[in-house]
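Survey of secondary and tertiary structure
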Amino acid sequence: MRVLCVSTPVGALGSGLGGGVELTLANLAVALQQRGHEVTVIAPAGSTLPGVPVITVPGVPQPIAQNQSRQDPITMPAGGVLGRMWQAVRSQPWDVAINFAYDWLPLYLTPFFDRPVVHLVSMGSLVDYLDEMLAQITQTYPHRLAMHTRAQALTFGSAIAQATTIIGNGLDVRRYDFCPQPAPVLAWVGRIAPEKGLGDALTVARQTGYPLRIMGKIHDPDYWRHICTQFPEATDYYRGFLSTDELQKQLGECAALLVTPHWVEAFGNVVMEALACGVPVLGYDLGGPGELVRAGETGWLVAPGDVAGLAQAVTRIDQIDRQHCRRVAEQEFSLAAFGARVEQWLGRNRS
Ligand code: HBI
């Protein structure tokens with residue numbers, strides 16, 4: 001099929017502003033190409049995506065939805081890139097268009113196209129105007145929505161969750177090297193922002209005596225300053241926002257990854273990346289990570305916020321087989337496995 005992927009409007013692909021969506025879109029595009037589909041991407045100016053044709057569109061980036069409160073009205077900035085990207089959609093030949101934006105406009109436009117527009121929803125429920133639009137779409141088109149995990153879908157209520165296809169996620173496992181012999185170091189990977197719970201991981205590091213290797217984009221500089229005041233050691237622990245090649249190298253050397261979300265993480269790409277390197281995951285039983293980690297098999301799960309429980313789980317790291325973690329990543333999260341799930345979803349929407 002000719003598949004058109006319409007990216008998130010919050011920033012250019014490759015800028016890191018799109019968070020997990022950037023990784024998901026890149027991997028989904030390659031996975032579909034490997035299955036013989038013709039993939040084109042529409043994305044904001046400045047976007048780069050090796051090996052996939054990208055039509056870039058200038059315009060004002062969309063304000064991020066996490067900063068909005070539930071009853072906020074729909075935001076459409078003048079000269080906005082989102083509206084212009086969907087103008088570009090009209091002049092492209094395609095059989096199915098996949099929307100990656102967590103925004104009102106693409107959802108609203110769904111019935112205005114004579115070919116299927118489907119939506120890969122990238123976060124849990126945040127604002128009423130979006131929940132309302134998702135409900136409308138599921139009433140008219142039962143297969144148009146996909147999400148990463150059941151936990152994410154359930155944040156929108158059971159009616160929407162039942163009409164949503166769960167496709168997990170995927171990555172190119174070949175880009176991640178299995179590391180059999182770790183150093184006695186714990187890892188924490190993610191956007192450095194309040195909802196990611198970095199303070200909890202630093203507390204676990206203190207309680208267990210392990211150093212903590214911190215990797216990720218400093219999304220919220222005030223929050224990072226607050227963390228460094230409370231945990232002076234954090235400055236030395238910080239390794240920066242790394243490329244995938246560098247991230248997998250530094251992550252792979254660690255004894256375990258700590259995942260400490262304070263919100264319902266839709267998926268948790270870092271869980272997938274850790275397992276691909278053979279790194280067990282210790283985390284809160286919440287959202288995507290809670291659904292992805294298999295207790296006693298690929299890591300350990302504790303009740304959300306149970307920092308002492310996480311510290312205790314650190315003593316049980318070597319009960320987890322690192323080779324098995326890698327095998328799970330190869331079976332569940334490979335581009336072939338992810339591509340098959342995506343293709344099945346698209347097939348259900350063929351006009
Ligand atoms: N906010 N308005 C808006 N639109 C998006 O597409 C969007 C967002 N916030 C975060 C985001 N996308 C992605 O970084 C996460 O879904 C991963």
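What you are looking at is a predicted structure, and each value in this text was computed from that prediction instead of being measured.

Overview of the sheet that holds strand 10 (residues 256–259)
- One open sheet accounts for five strands, arranged 9-8-10-11-12; its pairing is parallel. At either end of the open sheet lies a strand with only one pairing partner, and these are strand 9 (212–215) and strand 12 (299–302). Sheet twist, expressed as the mean angle between neighbouring strand axes with direction ignored, is 20 degrees.
- The sheet contact formed by strand 8 (residues 186–189) and strand 10 spans two bridges and is parallel. Among the inter-strand pairings, Leu186 is bridged to a residue of strand 10, identified as Ala256.
- Most of the contacts of helix 10 (residues 244–252) go to strand 9, to which it runs at about 165 degrees, and overall it touches strand 8, strand 9 and strand 10.
- Set on the sheet, helix 11 (residues 269–276) makes contact with strand 8, strand 10 and strand 11 (281–284); between it and strand 10 the angle comes to about 170 degrees.

Remarks on empty space enclosed by the protein
- One pass over the structure, following the stated rule, counts two cavities of 30 Å³ or more.
- In this model, the largest cavity occupies a volume close to 50 Å³.
- Along the walls of the largest cavity sit Asn99, Ala101, Tyr102, Asp103, Leu107, His119, Leu120, Val121, Leu130 and Leu134, which together make up its complete lining.
- Among the secondary structure elements, those contributing two or more residues to the lining of the largest cavity are strand 5 (117–120) and helix 4 (128–140).
- Broken down by class, the residue content of the lining of the largest cavity amounts to seven nonpolar, two polar and one charged.
- Of the volumes computed, that of the second largest cavity is approximately 30 Å³.
- Considering the residues around the second largest cavity, the lining is formed by Gln62, Ile74, Thr75, Met76, Leu82, Asp103, Trp104, Leu105 and Tyr129.
- The class makeup of the residues in the lining of the second largest cavity is six nonpolar, two polar and one charged.

Observations concerning the environment of Gly268
- Within the secondary structure, Gly268 is located in the loop between strand 10 and helix 11.
- Separated by 13 residues in the primary sequence, Gly268 and Val281 have C-alpha atoms spaced 11 Å apart.

Let's talk about the site of the ligand
- Within the structure, the ligand sits among 18 residues, and Thr8, Gly18, Gln66, Asp103 and Ser122 are positioned closest to it.
- Measuring from an oxygen atom of the ligand, one finds a side-chain N or O atom of Thr8 at 2.8 Å.
- At 2.7 Å, a side-chain N or O of Asp103 approaches a nitrogen atom of the ligand.
- A total of 390 Å² of accessible area belongs to the ligand in isolation, and the protein chains cover 92% of it.
- Looking at the shell around the ligand, its residues break down into 10 nonpolar, seven polar and one charged.

Quick notes on the pattern of salt bridges
- According to the stated counting rule, one finds 16 salt bridges in the structure shown.
- The closest approach of N and O atoms between Arg35 and Glu343, which form a salt bridge, is 3.3 Å. Pair noted here: Arg35 is in the loop between helix 1 (20–34) and strand 2 (38–44) and Glu343 is in helix 15 (residues 335–347), with a separation of 308 residues, a long-range link.
- Exposure remark for Arg35: the relative accessible area of 34% places this residue in the partly exposed category.

As for the state of the cysteines
- One pass over the full model with this rule turns up zero disulfides.
- Not engaged in a disulfide, the cysteine Cys228 finds its nearest cysteine sulfur in Cys254; these two sulfurs lie 18 Å apart.
- The exposure class assigned to Cys228 is buried, which follows from its relative accessible area of 18%.
- Cysteine Cys254 remains unbridged, with the sulfur of Cys179 as its closest cysteine sulfur at 8.7 Å.
- Take Cys254: its relative accessible area is 0%, and that puts it in the buried class.

Focus on the domain arrangement of the protein chain
- When its domains are assigned, the protein chain resolves into domain 1 (2–170 + 334–348) and domain 2 (174–332).
- The C-alpha centroid of domain 2 is placed 27 Å from the C-alpha centroid of domain 1.
- Listed as interface residues are 24 residues of domain 1 and, on the opposing side, 20 residues of domain 2.
- Interface area for domain 1 against domain 2, summed over the two sides, is near 1,500 Å², with a carbon-plus-sulfur share of 60%.
- Sorting the residues of domain 1 by area buried against domain 2 places Leu23, Thr149 and Asn169 first, and these three jointly supply 27% of that buried surface.
- On inspection of domain 1 and its partner domain 2, the count reaches zero salt bridges.
- One can count eight residue pairs in polar contact (both at pLDDT 80 or more) joining domain 1 with domain 2.
- Of all the elements in the fold, those that place two or more residues in the side of domain 1 that touches domain 2 are helix 1, helix 5 (150–154) and helix 15.
- Among the elements that make up the side of domain 1 that touches domain 2, the one with the highest residue count is helix 1 (four residues).
- Residues of the side of domain 1 that touches domain 2, tallied by class, amount to six nonpolar, 16 polar and two charged.

Rules of the game
Residues numbered from 1 in each chain as written. Predicted model: local features only at pLDDT ≥ 70, side-chain atom pairs only at ≥ 80, totals over all residues. Heavy atoms only, no water. Pairing = 2+ DSSP bridges. Helix = DSSP H or I, 4+ residues; strand = E, 2+ residues; numbered from the N terminus. Axes fitted to C-alpha atoms, helices over the stretch in contact; angles between N-to-C directions. Contact = heavy atoms within 4.5 Å. 1 Å grid on protein atoms, 1.4 Å probe; cavity = no way out; pocket = protein on both sides within 12 Å on 5 of 7 lines; lining within 4 Å. Points joined across faces, edges and corners; volume = space filled by probe spheres on them. Nonpolar A, V, L, I, M, F, W, Y, C, P; charged D, E, K, R; others polar. Near = heavy atom within 4 Å. Polar contact = N/O pair within 3.5 Å; in protein donor to acceptor, adjacent residues only side chain to side chain. Areas by Shrake-Rupley, 256 points an atom, 1.4 Å probe, with all protein chains shown as cover. Salt bridge = Lys/Arg side-chain N within 4 Å of Asp/Glu carboxyl O. Buried < 20%, exposed > 50% of the residue type's maximum accessible area, 1.4 Å probe, protein only. Disulfide = S-S within 2.5 Å. Domains from an automatic or database assignment. Buried area = accessible area lost by both parts, 1.4 Å probe.

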